[in-house]
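# What the coordinates show
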Amino acid sequence: MVINLTEYKKIPLDYQSLEPIIDNRTLNLHYNVHYQNYTDKLNNLLKKNNYDYQNSAIYLAQNIDIVPLEDRDEILYNLGGYLNHSLYFYNLTDKKKDMPEGMQELINKNFGSLSNFRKEFINMAKEVKGSGYTFLVIDKDNNLKIINTSNQDTPYYYGFIPIMTIDVWEHAYYLKYTYNRPEYLENIFDIIDFDKVYHLYLNNTKQ
Ligand SMILES: [Fe+2]
């Protein structure tokens, strides 16, 4: 648990650029404007309610009844925006990496093969209606599932723990890919850092 926070903060990026997969203008707008706005709005709503920041943002997502009902909708939306973007930017990498052996075994166990997992994940992301996300999540039995959520809903609201996501809002790809969402999905899948995905899996499951 993180204590003595004065507000929730964006995660720092460990890359400068994701060209040519994500153009620099999109990365800059997405990280510095969209993600910033969700973070600021979330903090403003929480401060208005004298929230004391003693818990992590994930704890708040799993215990949303600790904030007053009158602001809960707005907090849910911006908290989802904050958490989903934190995971999205965390998951990406500018370095070519091999998949960790443990992650490969997990994928084989849950989806048959890496190529099948890739196909299922991208096909699910093609099905997002309007704005939303596709996630790899851990369910209550520690199995991996691929799910979509709408708008800024986060899997924590549905009892899942997300460990990988692709943002399928148009702001994530439209400047470069325009209407070609499938090409964005095929390309961005190759810059997912599975070391981080596996790290999240291990941190969130009892081994
Ligand atoms: Fe986004």
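In the block above lies the structure referred to throughout.
Before going into details, it helps to say that this report is about the structure given with it. Because the structure is predicted, anything quoted here is derived from the model rather than measured.

### Quick word on the coordination of the iron ion
Only His30 (NE2), His85 (NE2), Asp167 (OD) and His171 (NE2) from the protein coordinate the iron ion, and they sit 1.9 to 2.1 Å from it. Geometry at the iron ion is tetrahedral, judged from the four donor atoms that bind it and their angles of 89 to 128 degrees at the metal.

### Examining helix α1 (residues 24-48)
Counting along an α-helix, one turn takes 3.6 residues, and residues three or four places apart therefore face a common direction. Under the 1.5 Å per step criterion, the end-to-end length of α1 is 35 Å for 25 residues, consistent within 8% with the ideal 36 Å. Within α1, the full set of buried residues consists of Thr26, Leu27, His30, Tyr31, Tyr35, Tyr38, Thr39, Leu42, Asn43, Leu45 and Leu46. Backbone geometry just downstream of α1 places Asn50 in the positive-phi region, at approximately 55 degrees.

### A short note on the environment of Ile75
Counting through the fold element by element, Ile75 comes out in helix α3 (residues 69-91). Given a relative accessible area of 0%, Ile75 falls into the buried group. Put simply, Ile75 and Val128 are 53 residues apart on the chain and 23 Å apart in space, counted from C-alpha to C-alpha. In contact with Ile75, not counting residues within four places along its chain, are Leu42, Leu45, Leu46, Asn49, Ile64, Val67, Gly80 and Tyr157.

### A few points about the side chain of Thr26
The residue Thr26 is located in helix α1 in this model. When its relative accessible area of 2% is taken as the criterion, Thr26 is described as buried. Thr26 has contacts with His171, Ala172, Tyr173 and Leu175, leaving out every residue within four places of it along the chain.

### Some words on the pattern of salt bridges
A side chain with one charge can pair with a side chain of the opposite charge if their charged atoms come near. Tallied over the entire structure, the rule returns 11 salt bridges. Shared partners join several salt bridges into a network, and the residues in it are Lys97, Asp193 and Asp195.

### Considerations on empty space enclosed by the protein
Inspection of the entire model under this criterion finds one cavity of 30 Å³ or more. Within this model, the largest cavity holds a volume of roughly 30 Å³. Considering the residues around the largest cavity, the lining is formed by Leu18, Ile22, Thr26, Leu27, His30, Tyr88, Phe89, Leu92 and Ala172. Put simply, the parts of the chain that give the lining of the largest cavity at least two residues each are α1 and α3. Here the lining of the largest cavity gets three residues from one element, more than from any other, and that element is α1.

### Focus on the sheet that holds strand β1 (residues 132-138)
The three strands lie next to each other as β2-β1-β3, forming an open sheet whose pairing is antiparallel. Of all the strands in the sheet, just β2 (144-150) and β3 (161-167) have a single pairing partner and so form its edges. Recorded for the sheet is a direction-independent mean angle of 30 degrees between the axes of neighbouring strands. Contacts between helix α4 (residues 101-111) and the sheet are confined to β1 and β2, with β2 contributing the most and set at about 80 degrees to the helix.

### What about the pairing of β1?
Of all the seven residues making up β1, seven are buried; the element is thus mostly covered by neighbouring parts of the structure. Alternating positions in β1 separate into two faces, Gly132, Thr134, Leu136 and Ile138 on one and Tyr133, Phe135 and Val137 on the other, with burial throughout. In terms of strand pairing, β1 meets β2 through seven bridges, oriented antiparallel. Counted as the bridge partner of Gly132 is Ser150 from β2. The antiparallel hairpin formed by β1 and β2 contains five residues in its connecting segment, where Asn142 sits at a positive phi of about 65 degrees. Pairing between β1 and β3: six bridges, direction antiparallel. Within β3, the position partnered with Ile138 by the bridge is Ile161.

### Topic: the nonpolar core
Ranked by size, the top nonpolar core spans 64 residues in total, and within it Phe117, Leu136, Tyr184 and Phe194 carry the most contacts. When we break this core down by domain, the ones giving at least three residues each are domain 1 (24-91) and domain 2 (101-203). Non-local contacts of Phe194, meaning those with residues more than four positions away in its chain, are made with Met99, Pro100, Met103, Ile107, Phe117, Met164 and Phe189.

Rules behind the numbers
- Residues numbered from 1 in each chain as written.
- Predicted model: local features only at pLDDT ≥ 70, side-chain atom pairs only at ≥ 80, totals over all residues.
- Heavy atoms only, no water.
- Donors = N, O, S within 2.8 Å, 3.2 Å for Na, K, Ca; no water.
- Tetrahedral: all angles 85-135°; square planar, octahedral: opposite > 155°, others 65-115°.
- Helix = DSSP H or I, 4+ residues; strand = E, 2+ residues; numbered from the N terminus.
- Expected span 1.5 Å × (residues − 1).
- Buried < 20%, exposed > 50% of the residue type's maximum accessible area, 1.4 Å probe, protein only.
- Contact = heavy atoms within 4.5 Å.
- Salt bridge = Lys/Arg side-chain N within 4 Å of Asp/Glu carboxyl O.
- 1 Å grid on protein atoms, 1.4 Å probe; cavity = no way out; pocket = protein on both sides within 12 Å on 5 of 7 lines; lining within 4 Å.
- Points joined across faces, edges and corners; volume = space filled by probe spheres on them.
- Pairing = 2+ DSSP bridges.
- Axes fitted to C-alpha atoms, helices over the stretch in contact; angles between N-to-C directions.
- Core = buried A, V, L, I, M, F, W, Y, C linked by side-chain atoms within 4.5 Å.
- Domains from an automatic or database assignment.

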